[in-house]
Amino acid sequence: MLYENDSGSTGTITFAAAASHFRYIEINFTDNNGKAGGYTKVYKPDGKTIMLHIAEAASQIYYRQTPYVISGTSMTPTTASASYVRFSGTALTISSATNYIKIVRVIGRA
């Protein structure tokens with residue numbers, strides 16, 4: 001286990017070991033209100049920028065996205081490119097520069 005936080009974190013997270021030690025990492029994440037989640041694998045993770053995204057549908061439809069930079073022992077959100085889009089009936093709301101995705105768990109696989 002490289003990182004674990006059941007509450008999740010929207011900020012920079014620190015791994016227990018450098019990403020370069022692993023063939024791939026598995027990332028578990030959720031949205032800011034804990035209603036939707038996701039999972040992804042990143043092969044040869046060190047030095048990569050990835051985009052994490054979640055779609056949630058209820059009375060409104062939300063699409064949230066945040067790019068993350070994986071480098072050494074950290075994973076940092078690039079909030080300048082983070083955003084969400086909300087569809088409510090015929091109205092569309094766009095918000096940017098805020099991270100709405102929380103990292104919950106990162107596992108390294110050799």
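In what follows, the structure referred to is the one given above.
An account of the accompanying structure is given in this report. This is a predicted model, so every value here is computed, not measured.

Observations concerning the side chain of Ser95
Link 1 in the chain: Following the sequence through the fold, Ser95 ends up in strand E9 (residues 91-96).
Link 2 in the chain: Assessed through its relative accessible area of 17%, Ser95 is described here as buried.
Link 3 in the chain: Ignoring any residue separated from it by four or fewer positions in sequence, one finds Ser95 in contact with Ala82, Ser83, Tyr84 and Tyr100.

Here we look at the pattern of salt bridges
Note on pairing: side chains with opposite charge can pair once their charged atoms come close.
Link 1 in the chain: Summed over the entire model, instances satisfying the criterion amount to five salt bridges.
Link 2 in the chain: We note a salt bridge from Arg105 to Glu4, for which the minimum N-O separation is 3.0 Å. Of this pair, Arg105 sits in strand E10 (residues 101-109) while Glu4 sits in strand E1 (residues 3-9), and the two are 101 residues apart along the sequence.
Link 3 in the chain: By relative accessible area, Arg105 is classed as partly exposed at 22%.
Link 4 in the chain: Residues Arg105 and Asp6 are paired through a salt bridge, measuring 3.5 Å at the closest nitrogen-oxygen approach. Linking Arg105 in strand E10 with Asp6 in strand E1, this pair joins segments that are 99 residues apart in sequence.
Link 5 in the chain: On the basis of relative accessibility, which here comes to 65%, the residue Asp6 falls in the exposed class.
Link 6 in the chain: By sharing partners, the salt bridges in this structure join Glu4, Asp6 and Arg105 into a single network.

Some thoughts on the sheet that holds strand E4 (residues 37-43)
What links the strands of a sheet is backbone hydrogen bonding, and the strands pair in either a parallel or an antiparallel sense.
Link 1 in the chain: The strand order across the open sheet built from four strands is E1-E10-E3-E4, with neighbouring strands paired in antiparallel fashion. The strands lining the two open edges of the sheet, one partner per strand, are E1 and E4. Across the sheet, the axes of successive neighbouring strands diverge by a mean angle of 15 degrees, strand direction being ignored.
Link 2 in the chain: Bridge count between strand E3 (residues 24-31) and E4: seven bridges; the pairing is antiparallel. Pairing of Asn28 across the sheet is with Tyr39, part of E4.

What counts and how
- Residues numbered from 1 in each chain as written.
- Predicted model: local features only at pLDDT ≥ 70, side-chain atom pairs only at ≥ 80, totals over all residues.
- Heavy atoms only, no water.
- Helix = DSSP H or I, 4+ residues; strand = E, 2+ residues; numbered from the N terminus.
- Buried < 20%, exposed > 50% of the residue type's maximum accessible area, 1.4 Å probe, protein only.
- Contact = heavy atoms within 4.5 Å.
- Salt bridge = Lys/Arg side-chain N within 4 Å of Asp/Glu carboxyl O.
- Pairing = 2+ DSSP bridges.
- Axes fitted to C-alpha atoms, helices over the stretch in contact; angles between N-to-C directions.

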